[in-house]
Amino acid sequence: MTTRGPRPQPSRAQWLRRLAYRRKDSVAFVFSGGGPLGALQVGTLKALYEHDIRPDLAVGTSVGALNATWTAFDPTPDGVARLESTWLRMKDSDLFPGGGRFKASWARMLVRGNRIHENIGIRRVIETSLGLPRFEDAQIPLAVTATDLETGAERIFSSGDIIDPLLASTAMPGIFPPVPIGGRNYIDGGVANNVPIAPAVEMGATTVYVMDATSHSRQRRPLNRPVDYLLHAFTLARGQRFTLEARHYEEKVKLVVLPSPWLDFFVPFASLEYTSRLIEMAYKETKRFLESGSLDQPLPPEVSASVTPLS
């Protein structure tokens, strides 16, 4: 059983917005983790806005927490255009200053410590784009997830200062340092909940658009070394909660799992060289999906696949 942390505590302004949303369908955009594959979510957003599908609230994990934040602070087509520009400007060295692309040797992986890279690059990207924001400054309610390092509990942040929760949500274990908040240490939200559907529903969503940028069925990791098997297994494990939550909520809310394009190339962790290509592929794939009238279709097979029950 997954232990859950405190439920989202929205600000007064968010409560007032929520009261208004109760009178109509409340649309949530849910952004998964996925590292550089988060660029896919930008292309998906472009297609959604072109079809006049806009969010009333946003929830994200890891890189999806960053995309959710940019969306919540400017939920307009111009906001998506600025998000795209931000992604296209970023280089590997912006996220991994001093190390460029993820080139750490195994010797560096095994030395004492809790990270290979500092998180100053991600902090700089956030502050350059948003300044020193609070959740209450967002135009629509926003929540980001992180994982308690000691207990593994999911923690949902939705009020107060936003930078530390974002750094926590993106703190991939061993790569970036845990982030202390309120006397607890937090790491990547994807460890506890990589596709945060439940928080969106708890915040009042009646329609949930899911942007999953981590589906292992869309990108096959070459399995050549033990570490490849380790990371592939981690991806499989993270996907199980998504499968279970999607099946649980599909009869309670309108759940739309937006398609991700099939990739005939592999995107290494921390490599941003494919950003433009990923954005364009996701844009075309989502546009085809929306124009096909597939919004009311059942969940795709890779999501609704049967799960063996516990005996």
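Because the structure is a prediction, the values reported are computed rather than measured.

### What to know about helix 2 (residues 39–50)
Then comes step 1: Helix length check: helix 2 (12 residues) gives 17 Å between terminal C-alpha atoms against 16 Å at 1.5 Å per residue, within 8%.
Then comes step 2: Across the 12 residues that make up helix 2, a large majority, 10, are buried.
Then comes step 3: Within helix 2 the residues assigned to the buried category are A39, L40, Q41, V42, G43, T44, L45, A47, L48 and Y49.
Then comes step 4: Tucked into the core, helix 2 has its buried residues touching strand 1 (27–31), helix 3 (63–73), helix 4 (77–89), strand 7 (207–211) and helix 11 (275–291).
Then comes step 5: In the segment just after helix 2, D52 is the residue with positive phi, at about 60 degrees.

### Brief notes about the packing of helix 3 against helix 7 (residues 120–130)
Then comes step 1: One way to put it is that helix 3 packs onto helix 7 with a least axis distance of 12 Å and a crossing angle of 5 degrees. Considering the angle they form, helix 3 stands roughly parallel to helix 7. Residue-level contacts link L66, T69, W70 and F73 of helix 3 to V125, I126, S129 and L130 of helix 7.
Then comes step 2: Tallied by class, residues from the contact of helix 3 with helix 7 come to six nonpolar, two polar and no charged.

### Comments concerning the packing of helix 2 against helix 4
Relative placement of two packed helices is described by the angle separating their axes and the distance separating the axes.
Then comes step 1: Packing of helix 2 against helix 4 leaves a shortest axis separation of 10 Å and a crossing angle of 160 degrees. Relative to helix 4, the element helix 2 is oriented roughly antiparallel. Like other packed secondary-structure pairs, helix 2 and helix 4 cross with a definite hand, here left-handed. Along the contact surface, helix 2 presents A39, V42, L45, K46 and Y49, while helix 4 presents P77, V80, L83, E84 and W87.
Then comes step 2: Considered class by class, the residues forming the contact of helix 2 with helix 4 number eight nonpolar, no polar and two charged.

### Some thoughts on the packing of aromatic side chains
Then comes step 1: Counted by the stated rule, this structure contains five aromatic pairs.
Then comes step 2: A ring pair is formed by F29 and Y209, whose centres lie 5.9 Å apart and whose planes are at 80 degrees; its orientation type is edge-to-face. A residue pair is termed long-range when its members are at least 10 positions apart, and F29 in strand 1 and Y209 in strand 7 qualify at 180 residues. Both residues of the pair, F29 and Y209, belong to the buried class.
Then comes step 3: Ring plane angle 85 degrees and centroid distance 5.5 Å describe the contact between F157 and Y186, whose orientation is recorded as edge-to-face. Of this pair, F157 sits in strand 4 (residues 154–157) while Y186 sits in strand 6 (residues 184–188), and the two are 29 residues apart along the sequence. Accessibility assignment for this pair places F157 and Y186 in one class, buried.
Then comes step 4: Positioned above the aromatic ring of Y283, the side-chain terminus of K46 is 5.2 Å from the ring centre.

### Structural notes on the environment of F73
Then comes step 1: For F73, the position within the fold is in helix 3.
Then comes step 2: A C-alpha to C-alpha distance of 7.1 Å links F73 and I140, two positions 67 residues apart in sequence.
Then comes step 3: In this view, F73 contacts L130, P133, R134, D137, A138, Q139, L142 and I162; residues no more than four positions away in its chain are not counted.

### Regarding the pattern of salt bridges
Side-chain pairing between opposite charges can occur once the charged atoms of the two side chains come close.
Then comes step 1: Inspection of the entire model under this criterion finds 14 salt bridges.
Then comes step 2: A salt bridge links R184 to D148, with the nearest nitrogen and oxygen atoms 2.9 Å apart. Here R184 is found in strand 6, whereas its partner D148 is found in strand 3 (residues 142–148), with 36 residues between them in sequence.
Then comes step 3: Beyond isolated ion pairs, a larger network of salt bridges with shared partners links R123, E127 and D164.

### A look at the confidence of the model for the chain
Then comes step 1: Per-residue pLDDT for the chain has a mean of 83; in total, 78% of the residues score no lower than 70.
Then comes step 2: Below pLDDT 50 for its whole length, residues 304–311 participates in eight contacts with residues either more than four positions away or in separate chains.

### Points about the nonpolar core
Then comes step 1: One finds F29, W87, L142 and L278 to be the most contacted residues of the largest nonpolar core, which totals 65 residues.
Then comes step 2: Setting aside its immediate chain neighbours within four residues, W87 contacts G35, P36, G38, A39, V42, V63, N67, L272, T275 and I279.
Then comes step 3: Among the nonpolar cores identified, the runner-up in size contains 20 residues, and A28, I156, A205 and V253 belong to it.

### A word on unusual backbone geometry
Then comes step 1: A positive phi angle, near 60 degrees, is found at D52, a position not held by glycine.
Then comes step 2: Mapped onto the fold, D52 is located in the loop between helix 2 and strand 2 (57–61).
Then comes step 3: A residue is classified by how much of its surface remains accessible, and D52, at 56% relative accessible area, is exposed.
Then comes step 4: If you check the backbone angles, S62 has positive phi at about 55 degrees while not being a glycine.

### A short note on the pairing of strand 6
Then comes step 1: Note: strand 3 against strand 6, three bridges, orientation antiparallel. Paired with D148 across the two strands is Y186, which belongs to strand 6.
Then comes step 2: The sheet contact formed by strand 5 (residues 179–181) and strand 6 spans three bridges and is antiparallel. By the bridge assignment for strand 6, P180 is matched with N185.

Cut-offs used in this document
Residues numbered from 1 in each chain as written. Predicted model: local features only at pLDDT ≥ 70, side-chain atom pairs only at ≥ 80, totals over all residues. Heavy atoms only, no water. Helix = DSSP H or I, 4+ residues; strand = E, 2+ residues; numbered from the N terminus. Expected span 1.5 Å × (residues − 1). Buried < 20%, exposed > 50% of the residue type's maximum accessible area, 1.4 Å probe, protein only. Contact = heavy atoms within 4.5 Å. Axes fitted to C-alpha atoms, helices over the stretch in contact; angles between N-to-C directions. Parallel < 35°, antiparallel > 145°, perpendicular 65-115°, else oblique. Nonpolar A, V, L, I, M, F, W, Y, C, P; charged D, E, K, R; others polar. Left-handed = near helix turned anticlockwise from the far one by under 90°. Phe/Tyr/Trp six-rings, centres within 6.5 Å; stacked < 30°, edge-to-face > 60°. Lys NZ or Arg CZ within 6 Å of the ring centre and 35° of its normal. Salt bridge = Lys/Arg side-chain N within 4 Å of Asp/Glu carboxyl O. pLDDT = per-residue confidence, 0-100. Core = buried A, V, L, I, M, F, W, Y, C linked by side-chain atoms within 4.5 Å. Pairing = 2+ DSSP bridges.

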